[in-house]
Amino acid sequence: MRCATNPLIEWLLEHLLDVLANHPAEPAHELEAFAVLNALTALFVQNEMAAADPGARRHASYPRHVAAAGTHPRIAAMLADTQPEHASHDRFATVLDRALAGVLG
């Protein structure tokens, strides 16, 4: 694992370790949780910034185009069963909760 550090990263890691002080997860899993937290945060920020791109709507509609073409039945079924439930910030919290629960056990 590549480790880039600076005072803010050190502060965030220390804070996460404080939050997890009474959690039964192994120390390696706590570091993995920190990495997942940072990666998901970066991914969501990049996605939000990309949404301002003029071509973003076209890119967002492409999976529905693929589903409508009939050549990818699993994609079509997934999109048929998927309803936009929450705003992106709510989705971020949901995904983060699920990912951290998976890493930490």
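Predicted model only: the values in this text are computed from it and were never measured. (Residues numbered from 1 in each chain as written. Predicted model: local features only at pLDDT ≥ 70, side-chain atom pairs only at ≥ 80, totals over all residues. Heavy atoms only, no water.)

Visitor: Explain a nonpolar patch on the surface to me, please; I cannot follow it from the model alone.
Guide: On the surface, a cluster of nonpolar side chains totalling about 320 Å² of accessible area is made up of L8, W11 and L12. Mapped onto the fold, L12 is located in helix α1 (residues 7-19). Classification of L12 by relative accessible area gives partly exposed; the value is 30%. (Patch = residues over 30% accessible without salt bridge, like charges linked within 9 Å, V, L, I, M, F, W, Y side chains within 5 Å. Areas by Shrake-Rupley, 256 points an atom, 1.4 Å probe, with all protein chains shown as cover. Salt bridge = Lys/Arg side-chain N within 4 Å of Asp/Glu carboxyl O. Helix = DSSP H or I, 4+ residues; strand = E, 2+ residues; numbered from the N terminus. Buried < 20%, exposed > 50% of the residue type's maximum accessible area, 1.4 Å probe, protein only.)

Visitor: Which parts of the structure should I look at to understand the packing of aromatic side chains?
Guide: Aromatic rings in a pair are described by how distant their centres are and how their planes are angled relative to each other. Evaluated as defined, the whole model comprises 1 aromatic pair. Taking 4.9 Å as the distance between ring centres and 70° as the angle between the ring planes, the aromatic pair formed by F44 and F92 counts as edge-to-face. Residue F44 is located in helix α2 (residues 27-50), and its partner F92 is located in helix α5 (residues 88-104); the two are separated by 48 residues in the primary sequence. (Phe/Tyr/Trp six-rings, centres within 6.5 Å; stacked < 30°, edge-to-face > 60°.)

Visitor: I keep staring at the nonpolar core and nothing clicks. Help me out?
Guide: Nonpolar side chains tend to gather and get buried jointly when the protein is soluble and globular. With 9 residues, the main nonpolar core is built from L16, L20, A25, A33, F34, L40, L96, L100 and L104. Listing elements by their share of this core, those giving two or more residues are α2 and α5. Apart from residues lying up to four places away in sequence, L20 is in contact with E30 and L104. (Core = buried A, V, L, I, M, F, W, Y, C linked by side-chain atoms within 4.5 Å. Contact = heavy atoms within 4.5 Å.)

What is shown is where atoms sit, not what they do.
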